[in-house]
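Architecture and fold: a report
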Amino acid sequence: MSFYHLIIVFILKKYNSGYFISSVIFSFLLICVGARVLAVGNKLMFILLPNLTWASGVRLAYITLYLISPLFMNFFRSMFFRHRFKNLFNLLNAISVVFITVAMIFPIRISGLILTGYQVYLSSVIIIILYLNVIAVKEKQDAALIFLAGIFMLFITGITDILYYNEWIPVGDFSEIGFFLFTVLYSIMLMQKFATAF
């Protein structure tokens with residue numbers, strides 16, 4: 001799916017579409033989510049990369065987890081609030097950089113220790129994006145309602161996974177499904193944009 005959106009990037013660049021930046025960020029977001037799926041609970045990554053150490057795999061899992069938030073925030077910003085709420089997005093991006101830096105530089109156990117803090121931060125980011133998305137819907141921005149449905153799915157599946165991994169509920173691991181459904185909704189948004197562009 002990420003390569004599909006990278007191809008869309010080249011098409012949108014040609015037509016100078018407003019979705020160009022969004023598609024670039026979304027492509028990287030899909031690559032990051034794909035790498036995370038390979039790194040977490042899956043032996044496929046170690047089959048594909050037999051020389052990869054366990055520590056490197058765990059570090060990759062943390063880095064991709066911490067990268068998802070700023071990529072998704074900037075994707076949302078590029079869709080609806082490119083010139084508004086700059087200070088808010090800059091603050092959230094700075095916090096994300098701290099988490100990513102810790103995962104890259106410090107020992108793996110430190111990344112594990114800050115995971116709960118990141119989950120609180122990620123939940124806050126999702127709530128902020130939900131709130132801003134409601135503003136975009138009220139302003140009747142293009143595709144805001146479809147995006148809100150996708151955000152809601154991501155919110156429910158993300159919170160379910162957080163509760164599951166903290167052993168508060170017995171079922172979980174739904175965020176990949178939520179993200180897949182969001183990807184389908186974003187593709188629908190792109191189709192709508194193309195339908196009105198020509």
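Every chain is numbered independently, its residues counted from 1 as its sequence is written. Selection of residues for local features in this predicted model requires a pLDDT of at least 70, selection of side-chain atom pairs for listing and counting requires 80 or more, and totals for whole chains, interfaces and linings are taken over all residues. Side-chain figures throughout are based on the complete set of non-hydrogen atoms in the structure, without hydrogens or water.

1. Some words on the overall build of the protein chain
Segments assigned H or I by DSSP are reported as helices when at least four residues long, segments assigned E as strands when at least two residues long, and all are numbered from the N terminus. Secondary structure summary: the protein chain contains 9 helices and 0 strands in total. Each helix (α) and strand (β) of the protein chain, taken in turn from the N terminus, gives the series α-α-α-α-α-α-α-α-α. Relative to its full complement of 198 residues, the protein chain shows a buried share of 42%. Note on definitions: a residue-residue contact is assigned when non-hydrogen atoms from the two residues lie within 4.5 Å. Intrachain contacts of the protein chain at a sequence separation of at least 6 include 68% that bridge at least 24 residues. Exposure was quantified through the Shrake-Rupley algorithm and a 1.4 Å probe, taking into account, for residues, occlusion by the shown protein chains and nothing else. Total accessible area on the protein chain stands at roughly 11100 Å², and carbon and sulfur atoms take up 72% of it. Buried means the residue's accessible area, taken with a 1.4 Å probe over protein chains only, is under 20% of the maximum for its type, while exposed means over 50%, and partly exposed covers the values in between.

2. Considering the nonpolar core
Counting residues in hydrophobic clusters, the biggest one holds 46 residues, and the most contacted among them are F72, F75 and F147. Within the residue set of this core, elements represented by two or more residues are α2 (20–39), α4 (54–80), α5 (86–105), α7 (115–138), α8 (144–165) and α9 (175–197). No other element matches the 12 residues that α4 contributes to this core. Once residues within four sequence positions are removed from consideration, F147 is found in contact with F72, F75, F76, M79, F80, N133, F182 and M189. To define a nonpolar core, start from buried Ala, Val, Leu, Ile, Met, Phe, Trp, Tyr and Cys residues and group those joined through side-chain atoms within 4.5 Å.

3. Digging into the packing of α5 against α7
Axis definition: a line fit to C-alpha positions, over the contact stretch in the case of helices; interaxial angles, taken between N-to-C directions, run 0 to 180 degrees. Packing of α5 against α7 brings their axes to within 12 Å, and their N-to-C directions diverge by 160°. Relative to α7, the element α5 is oriented roughly antiparallel. The two elements α5 and α7 cross, and the hand of that crossing is left-handed. Two secondary-structure elements touch here, α5 through L88, F89, L92, I95, S96 and F99 and α7 through G117, Y118, Y121, V125, I128 and L132. Looking at the contact of α5 with α7, its residues break down into 10 nonpolar, 2 polar and no charged. An angle below 35 degrees is read as roughly parallel, one above 145 as roughly antiparallel, one from 65 to 115 as roughly perpendicular, and any other as oblique. Helix crossings fall into two classes, left-handed where the near helix is turned counterclockwise from the far one by less than a right angle and right-handed where it is turned clockwise. Put simply, Ala, Val, Leu, Ile, Met, Phe, Trp, Tyr, Cys and Pro go in the nonpolar bin, Asp, Glu, Lys and Arg in the charged bin, and everything else, Gly too, in the polar bin.

4. Some details on the confidence of the model for the protein chain
Scored by pLDDT, the protein chain comes out at a mean of 82, with 85% of its residues at no less than 70. Within the protein chain, α5 carries the highest mean pLDDT (92), whereas helix α1 (residues 2–15) carries the lowest (65). Note on scores: pLDDT gives the predictor's confidence for each residue, bounded by 0 and 100.

5. Describing the pattern of salt bridges
Put simply, a salt bridge is a Lys or Arg side-chain nitrogen that is within 4 Å of an Asp or Glu carboxyl oxygen. Applying the stated criterion across every chain yields a total of 1 salt bridge. Between R84 and E139 there is a salt bridge, and its shortest N-O distance comes to 2.8 Å. Note that R84 is positioned in the loop between α4 and α5 and E139 in the loop between α7 and α8, a separation of 55 residues in sequence.

6. Considering unusual backbone geometry
The phi angle at F85 is positive, at roughly 55°, despite the residue not being glycine. Positive phi is not limited to glycine here, since K140 has a value of about 55°. Here K140 is to be found in the loop between α7 and α8.

7. Thoughts on the packing of aromatic side chains
Centre distance and the angle of the planes are the two values used to describe a pair of aromatic rings. Only the six-membered ring of Trp is used, alongside the rings of Phe and Tyr, when aromatic pairs are assigned; centres must lie within 6.5 Å, and planes under 30 degrees apart are stacked while those over 60 apart are edge-to-face, with the rest tilted. If you walk through the whole model with that rule in mind, you get 21 aromatic pairs. Summarising the aromatic geometry, the rings of F81 and F85 are spaced 5.1 Å apart at their centres and angled 85° between planes, so their arrangement reads as edge-to-face. Among the aromatic residues, those joined into a cluster by ring pairs are F26, F72, F75, F76, F80, F81, F85, F147, F179 and F182.

8. Remarks on the environment of R77
Mapped onto the fold, R77 is located in helix α4. With 52 residues separating them along the chain, R77 and I129 place their C-alpha atoms 9.1 Å apart. Look past the residues within four positions of R77 in its chain and what remains in contact with it is R82, R84, K86, F89 and N90.

9. Quick notes on the side chain of T64
Along the chain, T64 falls in helix α4. Within polar-contact distance, the side chain of T64 engages the backbone oxygen of A61 at 3.0 Å. Counted as a polar contact is a pair of N or O atoms within 3.5 Å, where, for protein atoms, one must be capable of donating a hydrogen and the other of accepting one, and residues adjacent in sequence contribute only when both atoms are in side chains.

10. Some thoughts on a nonpolar patch on the surface
A patch is a set of surface residues, each over 30% in relative accessible area and not in a salt bridge, joined within 9 Å for like charges and within 5 Å for the nonpolar side chains Val, Leu, Ile, Met, Phe, Trp and Tyr. Taken together, the side chains of V171, F174, I177, F180, L181, V184 and I188 present a nonpolar region at the surface, about 580 Å² in accessible area. With respect to the element layout, I177 can be found in helix α9. For I177, a relative accessible area of 49% gives the class partly exposed.

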